[in-house]
Amino acid sequence: MSKSVSNLTAVLPSPGSALIIQERAIPSLGSGEMLIRNRALAINPIDWKRQVYGLAVSSYPTVLGGDIAGVVVGVGPGVTSFKPGDRVLASAPGILTGNSDHGAFQTYTTVMAAVATKIPDNITFSEAATLPVVVSTAAIVLFDVLGLPVPDPESTAANTNPTKTGILVWGGASSAGSAVIQFARLAGLTVFATASPQHHDKIRALGATAVVDYRSPTVVEDLLAAAREAGTPITLALDAISTEETFPLVARVLAESEDASAIPEGVSVQWVAGQRIWKERLDLGSLVFNKLLGKWLETGEVVPAKVQVVEGGLSGLQAGMDEVKKGVSGVKLVVELDE
Ligand SMILES: NC(=O)c1ccc[n+]([C@@H]2O[C@H](COP(=O)([O-])OP(=O)(O)OC[C@H]3O[C@@H](n4cnc5c(N)ncnc54)[C@H](OP(=O)(O)O)[C@@H]3O)[C@@H](O)[C@H]2O)c1
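A quick note: this is a predicted structure, and the numbers were derived from the prediction, not measured.

**Q** Account for the packing of aromatic side chains, naming residues and giving values.
**A** A full pass over the atoms with the stated rule returns three aromatic pairs. Ring centres 5.3 Å apart and planes at 85° place the aromatic pair Phe183 and Trp296 in the edge-to-face group. With Phe183 in helix H5 (residues 175-186) and Trp296 in helix H9 (residues 282-299), this residue pair connects regions lying 113 residues apart in the sequence. We note that Phe183, like Trp296, is buried. Its guanidinium or amino end placed over the ring of Tyr108, Arg37 lies 5.9 Å from that ring's centre, counting from NZ or CZ.

Below, the structure written as structure tokens:
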């Protein structure tokens, strides 16, 4: 970087306290890393959970946040596919590393080049910032936990001929659920989802064959009927909400699916750890972020969440986290940082 710069940061000083705006040193660059001048940051439920409950915080002060979009200003040793000036989205790995240089909620963040994507011209910084965490999650759900094959990066066509494997995405209007629906369609699955009625058209457009209102007293029966109509038993499921209320309903759909042979030992459950994308599954991260996502965004195979901008830049992050904690419906909250 040529001129003097300041790294204004929304710092979490101590457990449960409010974010405060402070100056931090510009993050340092390691091998395989890039320094990003952030232009948009998205807020995820895990951010307020880390603030309130201290989840995945090893020391204080710390810098929260996982979703960034911005411009590359420096590349570390070994980074060949990005250069200063590139517009990128990236998954900020601070929750895994505990290193505040890797937290999103600041002006500059260091990220791993393997888990970053050049933003195509049809996508804004704010739209791009909605993607990294949920793309990581969708990749881990489908291609790690469920072990499905990753779509061929060389193939140009969308999957227009879904297989007879059905997946239920409970909470299809959530950011994570919407990403899983799109990736599941690209992986050739037939997708069933639950959501509030006002989101049904949108979720069908993302690739779901049928969408059911999760507040319906017959939601399980409605999903099973939709699967029968499609001729595709539901043998896989993601519970993107994972509460005491949702979990038994998801299990019932799987257990009562007509193709009981697909779940011979009953329903097997695995928790999703999206942070595997930066360590154990960096290979998968690189495949999805470096090779597939940019192309899918350019062609519209994958679309970002609907953006709701929270005013105030870094100073707006606390209000945004408070709003996400109260609950949002079908939108991703984003703060924008001036050039
Ligand atoms: N383990 C991981 O790696 C990982 C990664 C990412 C997220 N997560 C977790 O996944 C959850 C979702 O995150 P997110 O960012 O996707 O959340 P989000 O976008 O803030 O979720 C809001 C949506 O949840 C839906 N919803 C709420 N209650 C529901 C219910 N009972 N049944 C169905 N849908 C319901 C609402 O749908 P309607 O608008 O249709 O009412 C709303 O649109 C959070 O708990 C988050 O911490 C985990």
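**Q** Before we move on, can you summarise the pairing of strand S1 (residues 7-11) with the specific residues and values?
**A** Most of S1 sits inside the fold, with four of its five residues counted as buried. Strand direction decides the pairing type here: S1 and strand S2 (residues 20-24), joined by five bridges, are antiparallel. Residue pairing for S2: Asn7 is matched across the bridge by Arg24.

**Q** Quick one: what's the story with the domain arrangement of the protein chain, residue by residue and with numbers?
**A** Under the domain assignment used here, the protein chain contains domain 1 (7-132 + 275-336) and domain 2 (162-262). On the domain 2 side, the residues contacting the nine residues of domain 1 number 10 residues. At the boundary of domain 1 with domain 2, total buried surface from both sides reaches about 790 Å², with 54% on carbon and sulfur atoms. On the domain 1 side of the contact with domain 2, Trp296, Glu301 and Gly330 bury the most area, a combined 46% of that side's loss. With its nearest N and O atoms 3.5 Å apart, the salt bridge here joins Arg185 to Glu301. Summed over the shared surface of domain 1 and domain 2, the result is four residue pairs in polar contact (both at pLDDT 80 or more). In the side of domain 1 that touches domain 2, the residues fall into five nonpolar, two polar and two charged.

About the thresholds
- Residues numbered from 1 in each chain as written.
- Predicted model: local features only at pLDDT ≥ 70, side-chain atom pairs only at ≥ 80, totals over all residues.
- Heavy atoms only, no water.
- Phe/Tyr/Trp six-rings, centres within 6.5 Å; stacked < 30°, edge-to-face > 60°.
- Helix = DSSP H or I, 4+ residues; strand = E, 2+ residues; numbered from the N terminus.
- Buried < 20%, exposed > 50% of the residue type's maximum accessible area, 1.4 Å probe, protein only.
- Lys NZ or Arg CZ within 6 Å of the ring centre and 35° of its normal.
- Pairing = 2+ DSSP bridges.
- Domains from an automatic or database assignment.
- Contact = heavy atoms within 4.5 Å.
- Buried area = accessible area lost by both parts, 1.4 Å probe.
- Salt bridge = Lys/Arg side-chain N within 4 Å of Asp/Glu carboxyl O.
- Polar contact = N/O pair within 3.5 Å; in protein donor to acceptor, adjacent residues only side chain to side chain.
- Nonpolar A, V, L, I, M, F, W, Y, C, P; charged D, E, K, R; others polar.

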